[in-house]
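# Notes for the structure review
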Amino acid sequence: MAAKISSIPPALSLSRKSRKAEGGGKLRAMGRLFPSFVNYCDNCLTAHALLYKRRRLISTLAWDGAMPSVGRGWQVELSTGWLEWLVLGAGRELMLFASVGILLIGLDDLLLDALWLATRGQRRGETASAPPIEGRIAIFVPAWDEAAALPAMLCRTLAAWDGEDFRLYVGCYPNDTATIYAVSQLVARDARLRLVIGESEGPTTKGDNLNRLWAALCADERVEARRFAAIVLHDAEDHVHRHELALYRQHLAHNAMVQIPVVPIIDRRARWIGGHYADEFAEAHGKDMPVRSRLGLPLPSAGVGCALTRSALALLAMERGGCPFSSDSLTEDYEIGMVIGAYGLGARFVDAADPAGDRIVSRGAFPGRIDAAVRQKSRWIAGIAMAGWDHLGWPGCRLGHKHRSTGRDLLARWMLWRDRRAPLAALILLAAYAGLILVAAGVAGQLLLGWNAIEPGPTLQWLLVVNALLLGWRMALRIHFTARLHGWREASFAVARAFVANIIAMLAARRSVLLYWRILRSGEVVWDKTDHSETGLAVADAPVRVAMR
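Throughout what follows, the structure given in this document is the object of discussion. (Residues numbered from 1 in each chain as written. Predicted model: local features only at pLDDT ≥ 70, side-chain atom pairs only at ≥ 80, totals over all residues. Heavy atoms only, no water.)

The subject of this paragraph is the overall build of the chain. Check the secondary structure of the chain and you find 16 helices and nine strands. In the chain, which comprises 549 residues, the share counted as buried stands at 48%. In the chain, 83% of the contacts between residues at least 6 apart in sequence involve partners at least 24 apart. Of the roughly 27400 Å² that the chain leaves accessible, carbon and sulfur atoms contribute 62%. (Helix = DSSP H or I, 4+ residues; strand = E, 2+ residues; numbered from the N terminus. Buried < 20%, exposed > 50% of the residue type's maximum accessible area, 1.4 Å probe, protein only. Contact = heavy atoms within 4.5 Å. Areas by Shrake-Rupley, 256 points an atom, 1.4 Å probe, with all protein chains shown as cover.)

Here it is, written out as structure tokens:
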């Protein structure tokens with residue numbers, strides 16, 4: 001045997017030595033590049049080597065009969081060794097990934113909070129001498145399968161805006177006979193209502209329905225030789241404010257688009273699912289939208305409580321071949337606000353009060369079941385973060401380089417990033433909750449099975465402390481904005497509803513990916529609408545008082 005060993009060719013032995021040296025050099029290089037990772041792996045290997053020797057000793061003693069009572073314990077220890085390694089390692093990595101992601105998103109939110117605090121009390125200058133716009137206002141209400149909610153909305157709107165010069169266009173489909181029959185008697189009795197039945201069977205898309213209403217408006221203008229002054233967007237379940245049109249007339253004299261706050265109606269029977277919309281809209285329309293408006297950035301239209309000048313829609317119609325609304329989009333209202341801002345046209349978010357001190361807002365019912373909420377939010381994510389990226393890209397100013405403002409373009413693209421970060425935020429949330437579950441499993445294994453203690457390390461500890469402070473600040477703001485609109489009783493539910501919102505966001509992100517993939521494969525976009533029903537809540541018509549900002 002010694003002769004055979006000594007007869008190994010020198011080249012082969014050198015090759016082995018060189019490969020060993022090369023491997024050692026690679027490990028040393030990795031140690032210099034990733035010292036913490038290599039140290040972590042060394043610690044894990046050392047711990048598991050000691051554990052393996054201990055188990056071999058116990059197994060030998062048990063086999064020899066010296067320790068007859070530890071055989072079953074050894075089997076349990078051997079079967080859970082791999083599980084300990086998986087739970088502790090995966091939990092640590094998931095928590096590290098989630099902590100870094102939460103920190104970045106938290107700093108992003110903190111920057112917007114700083115802008116909100118810095119711009120509080122500021123108002124964009126407007127020419128006071130400009131009189132309110134005059135002329136008839138068109139109200140667009142697209143409808144598909146809205147027989148339960150639409151008649152009540154039309155009655156409320158006609159009563160609230162009695163004496164105003166407007167015409168309400170209702171868009172229906174020829175195969176939606178229930179909705180047509182539900183509103184036909186109202187249309188026959190009131191000349192302010194105009195029923196528009198499209199040629200295509202529904203549902204198509206909301207943008208396509210709005211384009212048919214635009215075509216009907218243009219046809220009426222040619223017949224009557226009278227031009228409309230503005231177009232207001234509303235949905236079939238909305239509760240309008242009696243001073244809403246007067247506010248639009250005042251501010252459309254200076255802007256191409258005006259958006260008022262949207263306040264969800266909180267159904268006491270669906271306080272957790274439907275109530276989280278109230279928390280999110282209270283913060284978004286109490287902080288995000290005012291900041292965009294004060295900085296002169298493009299405003300996303302909410303699709304309800306939004307008014308546009310007729311000239312602005314005509315400009316978009318010329319750009320899009322006669323159709324101002326994107327018919328292949330799930331969020332045509334969001335896109336129209338972005339395009340108006342890209343043209344440099346003025347847009348303003350107006351949070352005002354009527355003479356009685358009630359806030360001029362648009363109120364509406366939102367889903368109260370988790371499946372309906374996931375369906376609605378997945379449409380928003382797919383339309384804004386995915387398909388909206390395809391339609392809009394990262395737009396700058398469309399007026400040419402001489403009108404371009406680098407700072408304004410950067411701020412506008414930052415806002416686009418905030419609008420489109422929902423899938424990434426859902427992934428980070430999923431990692432955070434999965435990491436928490438694994439950490440809890442590790443603690444249980446430490447108490448019950450004698451696993452090693454979980455040691456987060458100084459970096460992860462620092463991240464957890466900073467994220468806890470950011471989370472506390474975020475929840476304080478959420479409580480503040482909810483209390484402003486809905487009172488302290490609803491604000492007391494805001495922290496718990498944040499967990500509900502996170503669960504819905506993760507489920508909606510998953511469905512949005514499937515929805516977007518289906519759109520890419522089929523090339524067809526269908527109106528993925530939210531089911532509405534008449535709530536009949538007395539609180540729906542209650543005024544929203546002005547609160548301290």
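Attention now goes to unusual backbone geometry. For the peptide bond that leads from Gly-202 to Pro-203, omega is 0°, which places it in the cis range. When you line up the elements, Pro-203 lands in the loop between β3 (193-197) and α7 (206-224). Of note in the backbone geometry, Asp-145 takes a positive phi value of approximately 55° without being a glycine. You can see Asp-145 is positioned in the loop between β1 (137-142) and α5 (150-160).

The end-to-end C-alpha distance of helix α14 (residues 422-448) is 39 Å, a good match for the 39 Å that 27 residues give at a rise of 1.5 Å each. Within α14, burial applies to Ala-425, Ala-426, Ile-428, Leu-429, Ala-431, Ala-432, Gly-435, Gly-442 and Gly-445. Downstream of α14 by a residue or two, Gly-450 has a phi angle that is positive, lying close to 75°. (Expected span 1.5 Å × (residues − 1).)

Our focus in this paragraph is the pairing of strand β6 (residues 262-265). The side-chain alternation of β6 yields two buried faces, one formed by Val-262 and Pro-264 and the other by Val-263 and Ile-265. Bridging between β6 and strand β9 (residues 362-365) involves four bridges; their strand directions are parallel. If you follow Pro-264 over to β9, its bridge partner there is Gly-364. (Pairing = 2+ DSSP bridges.)

Moving on: the sheet that holds β3. Read across the open sheet, the seven strands follow the order β3-β2-β1-β4-β7-β5-β8; overall the sheet is mixed. One side of each edge strand has no neighbouring strand; the edge strands of this open sheet are β3 and β8 (347-349). Adjacent strand axes in the sheet meet at a mean angle of 20° when their direction is disregarded. Sheet topology note: the strand β4 (residues 230-233)/strand β7 (residues 306-309) ladder contains four bridges and is antiparallel. Within the sheet, the bridge partner assigned to Ala-230 lies in β7 and is Thr-309. (Axes fitted to C-alpha atoms, helices over the stretch in contact; angles between N-to-C directions.)

Scanning all chains against the criterion turns up 34 salt bridges. Asp-113 serves as the salt-bridge partner of Arg-474, at 2.8 Å between the closest nitrogen and oxygen. In this pair, Arg-474 is assigned in helix α15 (residues 457-491) and Asp-113 in helix α4 (residues 71-119), connecting sequence segments 361 residues apart. One salt bridge connects Arg-310 with Glu-221, and the closest N-O pair in it is separated by 2.6 Å. Placement of the pair is Arg-310 in helix α10 (residues 310-319) and Glu-221 in helix α7, with a sequence separation of 89 residues. You can call Arg-310 buried: its relative accessible area is 9%. Ionic contacts of the salt-bridge type, sharing partners, join the residues Asp-108, Asp-109, Asp-113, Glu-283, Lys-287, Asp-288, Arg-418, Arg-421, Arg-474 and Arg-478 into one network. (Salt bridge = Lys/Arg side-chain N within 4 Å of Asp/Glu carboxyl O.)

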